[in-house]
Every structure is written in C-alpha cells, then in structure tokens.
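Here's the letter readout for the chains.
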Amino acid sequence: MEYGLKWSLEGHRGPINCIAFMEDGSHIASGSDDGHVIVWALEDGSLCRRLKPKQGPVVSLKWLRSDADNSIYYLLSAGANGTIVMWRFNIVSILSEWVHMETVFDSAVEYMELDQTHNLLALTTQGRVALYQITKENGGTVSLRLAQVHPPLQHPRLPSLPISAHFFNQGHCIFFAFLDSREMYDPEFRSSLSDLAVLQHCLGDCTVESDIQSQDENANREHCIP
C-alpha cells in the first residue's frame, strides 16, 4: 500500500498543538498556539471556519456528535487558561455557533479525552484530574456537569503531572498516566514506566485487574469514584 500527500493545510500563525477528525471523516479541526481553531473540509482541503475561543493556546480538541440531528456536531476545545469551550457546528450549512465556556482549572489543561458511549469528558492539569458528565437534551441542547475532581479543589495538588487519559472497559473505567509517578505514590519508586492510576466512575460495578505489571506494588493504584 502506498500513501501520498493529499492536502497541505495552511492557516495557523503559530505551532499546531492538536487535531481532531470528525467521526464521519468529512472534517478536521486544528488548534494552535495562535489561539485559533480552524475547521477544514477534507473533501477539498478548504478552510470552513476559523474560530477564536479566547482561551490562549488551544491544547486539545474533541468532536461530539449530536443524537438529535446527524448534521450537528459539537466541537470542544481546551485551552492554556484552564477553560473548555463548546461550539455547535452544522456540517451542511457550515455554520458554527458558540455554546458554552467552562473554567475547569486555574492552570493550563494538559489533556482531554472523550467517551461518546457514556458522554463523559476527562481533563487533566498540573496535579489534578476532572471528570465531566455531558447531558444531551431531547431538543438537542448539550450541557456539561462536573462529576468529580481529584484531588478536590480544596485539597493540595498531586505532586505528579497527569499527561494523558484513556477510557476502557466499554467506558466504565479510565486510565490516567502520570509523567513522574515516583513522587505520587512512593518516593523510592524508580521504575522507568509512568504510573497508571485507574478511576472507576459511577456507571456501574466494575472489577478491573491491571495488565501493567511492576516489581513495586505501588506502580498501580485503583481509585473508585463514589
């Protein structure tokens, strides 16, 4: 199989930090240090929309489909000022509409992960993680509700940086990977692998045995969300 260059998309004035493909493959969104989000049509490589979420450098993007209308998608952008912004995007009329801005952290969002099955959104920042429930109303309205922050906002941050998240087990559990796990659980821990903490959310009972093995029992911890 051979691959060739189809489009070279130019439009940002700063480094590009993230891209996100729409589920149907028709569009792609890119976020940059220039503070803009650009939506491109993959059919011809044209620039459809240039969005300014006003959240500093854009660090992560996710598309959320609408259950009420196949032509409607929601675009979530996470920024360096600790906010997430939601846009409504019509793939037929190519119109976009600002929907909501939410301040999640008092520092930059590092990573954002979406579970479309259970409408959950996970975000990470320096020493803290957050989980949001996405509510879709019958009329097509979408809203965000904070489900949990770990550690709670009134508590000190974790000494490690959670840099990525991944939903698994049909969306009932989530891994958070930390950049430097040695400080988080055991100061004597010297494994070359980053630690993986498991959060189980309240969608039902879930028993998970980690496949990550380590000589130190503290390499994996399981935290249950009440």
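Quick look at the structure, then.

### Considerations on the overall build of the chain
What the chain contains, in helices and strands, is zero helices and 16 strands. Each of the 226 residues in the chain was classed as buried or not, and the buried ones make up 46%. Counting only contacts in the chain whose residues sit at least 6 apart along the sequence, the fraction spanning at least 24 positions is 43%. Of the accessible surface of the chain, which amounts to about 12,000 Å², a share of 49% is contributed by carbon and sulfur atoms.

### Considering the side chain of Glu 113
Following the sequence through the fold, Glu 113 ends up in strand S9 (residues 111-115). For Glu 113, a relative accessible area of 14% gives the class buried. A distance of 3.3 Å separates polar atoms of two side chains, one belonging to Glu 113 and the other to Lys 62. Excluding residues that lie within four positions of it along the chain, Glu 113 makes contacts with Lys 62, Leu 120, Leu 121, Ala 122, Ala 165, His 166 and Phe 167.

### Here's the deal with the nonpolar core
Considering soluble globular proteins, one finds that nonpolar side chains tend to be buried as a cluster. Membership of the largest hydrophobic core comes to 20 residues, with the highest contact counts inside it found for Ile 84, Val 104, Met 112, Leu 121, Leu 123, Tyr 132 and Ile 134. Looking at this core, the elements that each hand over two or more residues are strand S6 (72-79), strand S7 (83-90), S9, strand S10 (120-125), strand S11 (128-136) and strand S12 (142-150). With four residues, the top contributor of residues to this core is S6. If sequence neighbours within four positions are ignored, Met 112 has contacts with Ser 60, Leu 61, Lys 62, Leu 76, Ser 77, Ala 78, Ile 84, Leu 121, Ala 122 and Leu 123.

### A closer look at the sheet that holds S12
Note on sheets: strands pair through backbone hydrogen bonds, and any given pair is parallel or antiparallel. Spatially, the four strands line up as an open sheet ordered S9-S10-S11-S12, and their pairing is antiparallel. Each of the sheet's edge strands pairs with one partner strand only, and the pair in question is S9 and S12. Here the strands of the sheet are splayed against their neighbours by 20° on average, with no regard to which way each runs. Pairing between S11 and S12: eight bridges, direction antiparallel.

### Considerations on the packing of aromatic side chains
Overall, the coordinates contain three aromatic pairs when judged by the stated rule. The interplanar angle of 90° and the centroid separation of 6.3 Å between the aromatic rings of Trp 63 and Tyr 73 together place this pair among those described as edge-to-face. Linking Trp 63 in strand S5 (residues 58-65) with Tyr 73 in strand S6, this pair joins segments that are ten residues apart in sequence. Assigned by exposure class, Trp 63 and Tyr 73 land together as buried. Among the aromatic side chains, those forming a connected cluster through ring pairs are Trp 63, Tyr 73 and Phe 89.

### Quick word on the pairing of S10
For S10, a buried count of six out of six residues is recorded, marking the element as mostly surrounded by other parts of the structure. Burial of the side chains of S10 extends over both faces: Leu 120, Ala 122 and Thr 124 are buried on one face and Leu 121, Leu 123 and Thr 125 on the other. Following S9, the chain reverses through four residues before pairing antiparallel with S10; Asn 119 in that reversal takes a positive phi of roughly 55°. Pairing of S10 with S11 involves six bridges; the strand directions are antiparallel. Among the inter-strand pairings, Ala 122 is bridged to a residue of S11, identified as Leu 131. Between the antiparallel neighbours S10 and S11 lie two residues, among them Gly 127 with a positive phi of about 75°.

### Structural notes on the pattern of salt bridges
Applying the stated criterion across every chain yields a total of five salt bridges. Between Lys 136 and Asp 67 there is a salt bridge, with its nearest N and O atoms 3.5 Å apart. Here Lys 136 is found in strand S11, whereas its partner Asp 67 is found in the loop between S5 and S6, with 69 residues between them in sequence. The exposure class assigned to Lys 136 is partly exposed, which follows from its relative accessible area of 22%. Taking the relative accessible area as the measure of exposure, Asp 67 reaches 56% and is therefore exposed.

### Digging into unusual backbone geometry
With omega at -10°, the peptide bond leading from His 150 into Pro 151 counts as cis. Relative to the helices and strands, Pro 151 resides in the loop between S12 and strand S13 (162-168). Phi at Lys 54 takes a positive value of approximately 60°, unusual for a residue other than glycine. Its location among the elements puts Lys 54 in the loop between strand S4 (47-51) and S5. Taking relative accessible area as the criterion, Lys 54 reaches 67% and is therefore assigned exposed. Phi angles above zero are rare outside glycine, and Ile 94 is one such case at about 55°. Looking at the element boundaries, Ile 94 is found in the loop between S7 and strand S8 (95-103).

Reading the values: the criteria
- Residues numbered from 1 in each chain as written.
- Predicted model: local features only at pLDDT ≥ 70, side-chain atom pairs only at ≥ 80, totals over all residues.
- Heavy atoms only, no water.
- Helix = DSSP H or I, 4+ residues; strand = E, 2+ residues; numbered from the N terminus.
- Buried < 20%, exposed > 50% of the residue type's maximum accessible area, 1.4 Å probe, protein only.
- Contact = heavy atoms within 4.5 Å.
- Areas by Shrake-Rupley, 256 points an atom, 1.4 Å probe, with all protein chains shown as cover.
- Polar contact = N/O pair within 3.5 Å; in protein donor to acceptor, adjacent residues only side chain to side chain.
- Core = buried A, V, L, I, M, F, W, Y, C linked by side-chain atoms within 4.5 Å.
- Pairing = 2+ DSSP bridges.
- Axes fitted to C-alpha atoms, helices over the stretch in contact; angles between N-to-C directions.
- Phe/Tyr/Trp six-rings, centres within 6.5 Å; stacked < 30°, edge-to-face > 60°.
- Salt bridge = Lys/Arg side-chain N within 4 Å of Asp/Glu carboxyl O.

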